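The primary structure of each chain is shown beneath.
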Amino acid sequence: QVFHFTTFDTGLTYNGWTEAVSPDGYIMFNMGYNNSGRLGQNDNADRSSPTQVGSTYGLDTGLWQVTYGGNQGIIQRNTTELWVTGYNATGSLGQNNTTKYSSPIQVPGTWARATVGENVMMASKSDNTFWVWGQNWYGQLGLNNVGSPGNHGLSSPTQLPGSWSTGEGKTCIGNQSSFAIDTSGQLYSWGRNFTGVLGHDESGGGGGYPGSRSSPTQVGGNTNWNQMLHCDVHSTTATKTDGTLWSWGYNGNGQLGLNQSTSTSRSSPTQVPGTTWSRAFMLNAMQIATK
């Protein structure tokens, strides 16, 4: 913490303010399951104790933000650099190929924030442009096509039209479904509509998942959506700027928080009682929220 003081009357009166400065000396470690080399240790060996990442590649220091990515390791360094490692059969590492990497490799460009799902990535730039790549079986890239090219998707970042917010929790990826809040506070969804997870009042049951979308489609008509910090496989939760909390999709474990039968799913956003909600996370068949 840095303190600044100025005076204009030889010290009788002061103006003061503080700011926080982050040092460059952070070092990242990881541990655990290392399928497809997603730990970025240049091998596929699991780790049962913390092991430093990146010292061989000049990445030993920096300000890190780590994002969950299924079979991929996704790392944002110094708020602008995006690094990836691990599984890449659908091009989800954004390297213009489908080669697996067990060591960190940089995605070209300057990035503001990244959101990762199972074999899909979305990332924004500071100019509010929004980019997608990876698997596209159900149109979850939002580019108005399905399973293109060759049912694998795109292996390079491709811009998604529109003006999208770059703040925390403005994008979310479920299981082959995608969500984003634009700069006017509107919520959009696209991709597979299993159990009504897209929120368009369509159940998505039966073969072919009715109600699936390959282009961003607005959810309702509200313009005060705030955050979606994490999506589950088949359920979604989001807050609005008025402090309300909404959830929808599969409810087999009561994860929607509606105090109703666990067999009652929702195909459109349904309010969880209360008006002082701050943040919410839909995890694996469960939801965590703070006030």
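The paragraphs below set out a description of the structure included in this document. Everything numeric in this text was worked out from a predicted model, so none of it was measured.

**Topic: the side chain of Asp232**
In step 1: Of note, Asp232 is situated in the loop between strand E17 (225-227) and strand E18 (235-240).
In step 2: The buried charged residue Asp232 lacks any salt bridge partner; its closest oppositely charged side chain belongs to Arg192, at an N-O distance of 10 Å.
In step 3: Not counting the four nearest positions on each side in its chain, Asp232 is found in contact with Gly174, Asn175, Gln255, Met282, Leu283, Asn284 and Ala285.

**Observations regarding empty space enclosed by the protein**
In step 1: Overall, the coordinates contain one cavity of 30 Å³ or more when judged by the stated rule.
In step 2: Quantified by volume, the largest cavity comes out at close to 50 Å³.
In step 3: If you trace the largest cavity, you find it lined by Arg113, Thr115, Met122, Ala123, Ser124, Phe130, Ser165, Thr166, Gly167, Lys170 and Thr171.
In step 4: Looking at the lining of the largest cavity, the elements with two or more residues in it are strand E9 (113-117) and strand E10 (120-124).
In step 5: Considering each element in turn, the lining of the largest cavity owes the most residues, three residues, to E10.
In step 6: Of the residues belonging to the lining of the largest cavity, the class tally is three nonpolar, six polar and two charged.

**Regarding the pattern of salt bridges**
Close approach of charged atoms allows side chains with opposite charge to pair.
In step 1: Enumeration over the complete set of coordinates arrives at three salt bridges.
In step 2: The closest approach of N and O atoms between Asp43 and Arg47, which form a salt bridge, is 2.9 Å.
In step 3: On the basis of relative accessible area, Asp43 is assigned to the partly exposed category, the value being 26%.
In step 4: Between Glu168 and Arg279 there is a salt bridge, and its shortest N-O distance comes to 3.3 Å. Of the two residues, Glu168 is situated in the loop between strand E12 (154-160) and strand E13 (171-173) and Arg279 in strand E21 (residues 279-283); the sequence distance between them amounts to 111 residues.
In step 5: Arg279 sits in the partly exposed class, given a relative accessible area of 29%.

**Digging into the sheet that holds strand E20 (residues 266-272)**
In step 1: Across the sheet, four strands lie side by side as E17-E18-E19-E20; this open sheet has antiparallel pairing. On the outer flanks of this sheet lie E17 and E20, each paired with one strand and no other. Within the sheet, the average angular offset between the axes of one strand and its neighbour, ignoring direction, is 35 degrees.
In step 2: Across two bridges, the pairing between E17 and E18 is antiparallel.

**Comments concerning the sheet that holds E13**
In step 1: Within the open sheet, the four strands sit side by side as E13-E14-E15-E16. Their pairing is antiparallel. The sheet terminates laterally at E13 and strand E16 (213-218), the two strands that pair on one side only. For this sheet, the mean inter-axis angle between neighbouring strands, taken without regard to orientation, is 15 degrees.
In step 2: The pairing of E13 with strand E14 (residues 177-181) spans three bridges and is classified as antiparallel. When the sheet's bridge partners are listed, Cys172 is paired in E14 with Phe179.

**Quick word on the environment of Gly117**
In step 1: As for its position among the elements, Gly117 is in strand E9.
In step 2: Separated by 17 residues in sequence, Gly117 and Gly134 place their C-alpha atoms 9.5 Å apart.

Definitions and cut-offs
Residues numbered from 1 in each chain as written. Predicted model: local features only at pLDDT ≥ 70, side-chain atom pairs only at ≥ 80, totals over all residues. Heavy atoms only, no water. Helix = DSSP H or I, 4+ residues; strand = E, 2+ residues; numbered from the N terminus. Buried < 20%, exposed > 50% of the residue type's maximum accessible area, 1.4 Å probe, protein only. Lys, Arg positive; Asp, Glu negative; His and termini not counted. Salt bridge = Lys/Arg side-chain N within 4 Å of Asp/Glu carboxyl O. Contact = heavy atoms within 4.5 Å. 1 Å grid on protein atoms, 1.4 Å probe; cavity = no way out; pocket = protein on both sides within 12 Å on 5 of 7 lines; lining within 4 Å. Points joined across faces, edges and corners; volume = space filled by probe spheres on them. Nonpolar A, V, L, I, M, F, W, Y, C, P; charged D, E, K, R; others polar. Pairing = 2+ DSSP bridges. Axes fitted to C-alpha atoms, helices over the stretch in contact; angles between N-to-C directions.

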